[in-house]
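For reference, the chains in residue letters:
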Amino acid sequence: MIYEVIIAGAGPVGLFLACELRLAGLSVLVLEQAETPDSPLKRLPFGLRGLSMPTLDAFYRRGLLDDITAPQHAKAGTGANANASVPHWMQQARRPGGHFAGIQFFQDNVDTAKWQYFQPNPAGTSVAVAMEHIESVLAARAIASGAQIRRGCGVDGFDTTDDGVTVHANGEVFHAQWLIGCDGARSAVRKAAGIEFAGTDPEFTGYSAQVELADPDKLTPGRHYTPTGMYTYQPPGTIAIADFDGGAFHRTHPVTREHVQTVLRRVSNTDVTVTELSLATTWTDRAYQATTYRKGRVLLAGDAAHIHSPLGGQGLNLGLGDAMNLAWKLAATVRGDAPPDLLDTYTTERHPVGAQVLDWSRAQVGIMRPSASSRALGAILRDVIDTRDGATYFAERVWGASLRYDLGSDHPIVGRSAPDFEFIDGTKLGALLTHGKGLLVDFEADASLNTLASRWNGRIAYVGSDAKQRFGLRAVLLRPDGFVAWASDANDTPRDHDALAQAASRWFGAPNDA
């Protein structure tokens, strides 16, 4: 069998891509090296992931939001052991909104009125969910939609031609028109494709560990900066450490109880004793990015395309954003109705977003360094982030509210994720995007716009209805990912149908009657 797309990697990014490509009707095979999705690192407390606004928008628009944010999963912990799994930053009187290098901003300081087109999805601005649960929901959707998932079958290499890709995986051979590498930071797909991975080397080794302590009172709960690094302690035994050793210990030696104790004592400047180590992993602030996300019939997404420290929790969101951006473009290319350069816009749109997140991560490391200048800079930042304007700026970046693609238009909403318009009949915009097609929203029900949209029947749906809040807009054209491709204000004269037709052709190809 020749699949239209093979995806290497069954993490959240690969699984979401599979869901999106199946929504578009493509045949999809997912190859995953691990025999099972189970891992203690995907469970609480280490598996907790914050989902930002663009990610929540994407799940909402595909009918996944309720399952992803089910109350029993979208919180850190309940019951007798709640305090063991609820992060220290959630155990506060004020509701935290996020952090920058551990310096928190709070929800009550964020002024969303400053965001011109702010109208959040039903989940709001951010939700914390266990990685294990996210993968479970996405895998169930992918399988139910017809995607095939083969576990214990990691990609070893591939050969490409002008027409397709021959994939070698665990002694088997598979054929596809396209291959997408979602196989992590050490991506075999990226390496075999010869795509350069460029960036900056690490300054520290990070540790996440579950321990038992003989004398827990020697550590104060919360996050602490010291002359030798940074550590956080969440009773009774969840520890995170940043040891500024240039990343020397990451993946070079076994993480033993004795080693964790040595590092913890040095960084915390205490003689605390670790009596048992039940779980530990290391990570670094290495920040690297593929120079291109496409080479011929091979594409990259998620950690295969970009890696950085987990500071701020933006890595998963970045990868899921890749998937939402790529899938509809690749599907149109496979169908043959895409404009010639549509697939190239995947790299041109997502690469700058990835570069910005990598710099955001690097900037946090600059605050965390164990130096007098970093501590002084951190003190100034604490004052700034505690102001209303400061908290609003950091929320805009951390929550993803500032995301905007450069689509070549001066209109301030073009390139942004569309607000969740509520129409006069109570219908919400998100419910109209579950089909994965483009959408022309006409708030004034102009018959001529309906006629124009019908020229792309099957690729652009039409809705003619006023909304309770339409932000002074007359009409907007949305891409399948829910981002605004064209907009017209209510007072625009003359009404330029040619501009709309050009935008539709740019993103959806030639009309059916061409």
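Residues numbered from 1 in each chain as written. Predicted model: local features only at pLDDT ≥ 70, side-chain atom pairs only at ≥ 80, totals over all residues. Heavy atoms only, no water.

In the annotation of an unreviewed UniProt entry, the chain is listed under the name FAD-dependent oxidoreductase and assigned to Pandoraea iniqua. What UniProt states about the chain under its Cofactor (unreviewed entry) heading is, verbatim, "FAD". (UniProt positions renumbered as here; feature names shortened; annotations may be inferred.)

A.B. asks: What is the right way to look at the overall build of the chain in this model?
C.D. replies: Scanning the chain from terminus to terminus reveals 13 helices and 24 strands. For the chain, whose C-alpha radius of gyration is 24 Å, the value lies close to the compact-globule estimate of 24 Å for 514 residues. Seen through its C-alpha atoms, the chain measures out along the principal axes to roughly 75 × 55 × 45 Å. Expressed as a percentage of the 514 residues in the chain, the buried residues total 54%. Of all intrachain contacts in the chain linking residues separated by at least 6 positions in sequence, the fraction that spans at least 24 positions is 70%. For the chain, the accessible area works out to roughly 21200 Å², and carbon and sulfur atoms hold 49% of it. Separation between the mean location of the 47 positive side-chain charges and that of the 56 negative ones in the chain comes to 1 Å. (Helix = DSSP H or I, 4+ residues; strand = E, 2+ residues; numbered from the N terminus. Rg over C-alpha atoms; globule rule 2.2 N^0.38 Å. Buried < 20%, exposed > 50% of the residue type's maximum accessible area, 1.4 Å probe, protein only. Contact = heavy atoms within 4.5 Å. Areas by Shrake-Rupley, 256 points an atom, 1.4 Å probe, with all protein chains shown as cover. Lys, Arg positive; Asp, Glu negative; His and termini not counted. Charge placed at Lys NZ, Arg CZ, Asp CG, Glu CD.)

A.B. asks: What is the right way to look at the domain arrangement of the chain in this model?
C.D. replies: Accessible area lost during the coming together of the parts is what is often quoted as the interface size. If you check the domain split of the chain, you get domain 1 (2-79 + 125-199 + 288-369), domain 2 (205-284) and domain 3 (416-508). Summarising the inter-unit geometry, the C-alpha centres of domain 1 and domain 3 are found 28 Å apart. At the interface, 15 residues of domain 1 touch 19 residues of domain 3. Surface buried jointly by domain 1 and domain 3 totals about 1400 Å² across both partners, of which 52% is contributed by carbon and sulfur atoms. (Domains from an automatic or database assignment. Buried area = accessible area lost by both parts, 1.4 Å probe.)

A.B. asks: Help me understand the sheet that holds strand β24 (residues 484-489), please; the structure alone is not making it clear to me.
C.D. replies: Hydrogen bonds between backbone groups are what pair the strands of a sheet, and the pairing can be parallel or antiparallel. Across the sheet, which stays open at both edges, the four strands sit in the order β22-β21-β23-β24 with mixed pairing between neighbours. Where the open sheet ends on each side, the last strands, each with one partner, are β22 (460-464) and β24. The mean inter-strand angle of the sheet, taken between neighbouring strand axes irrespective of direction, is 15°. Across the sheet, helix α12 (residues 447-454) touches β21 (438-442), β22 and β23 (473-478), and the angle it forms with β22 is around 165°. (Pairing = 2+ DSSP bridges. Axes fitted to C-alpha atoms, helices over the stretch in contact; angles between N-to-C directions.)

A.B. asks: Teacher, can you tell me more about the pairing of strand β2 (residues 28-32) here?
C.D. replies: Along any regular strand the residues' side chains alternate between the sheet's two faces. Counting buried residues in β2 gives five out of five residues, a clear majority hidden from the surface. The alternating pattern of β2 places Val28, Val30 and Glu32 and Leu29 and Leu31 on opposite faces, both of which are buried. Across four bridges, strand β1 (residues 2-8) lies against β2 in parallel orientation. Its bridge partner being in β2, isoleucine 6 is matched across the sheet by leucine 29. What joins β1 to β2 is helix α1 (residues 12-23), and the crossover it makes is right-handed. Two elements, β2 and strand β7 (residues 148-151), share four bridges in a ladder whose sense is parallel. Each bridged residue has a counterpart across the sheet, and for valine 30 the counterpart in β7 is isoleucine 149. (Right-handed = clockwise from strand over helix to strand, strands pointing away.)

A.B. asks: Looking at this structure, how should I read the sheet that holds strand β17 (residues 287-290)?
C.D. replies: What the three strands build is an open sheet, ordered β11-β17-β20; its pairing is antiparallel. Because the sheet does not close on itself, it has two edges, and the strands there are β11 (197-200) and β20 (306-307). Strands in contact with helix α9 (residues 344-368) are β11, β17 and β20; relative to β17, the strand with the most contacts, it is inclined by about 175°.

A.B. asks: Help me understand the pattern of salt bridges, please; the structure alone is not making it clear to me.
C.D. replies: Two side chains carrying opposite charge are able to pair once their charged atoms lie near each other. Inspection of the entire model under this criterion finds 26 salt bridges. Taking the shortest distance from any N to any O, the salt bridge between arginine 62 and glutamate 20 comes out at 2.7 Å. With arginine 62 in the loop between α2 (53-61) and α3 (65-68) and glutamate 20 in helix α1, the pair connects residues that are 42 residues apart, well separated along the chain. Glutamate 20 sits in the buried class, given a relative accessible area of 6%. Three or more residues are tied together by salt bridges with common partners; here these are Glu444, Asp446, Asp466, Arg470 and Arg474. (Salt bridge = Lys/Arg side-chain N within 4 Å of Asp/Glu carboxyl O.)

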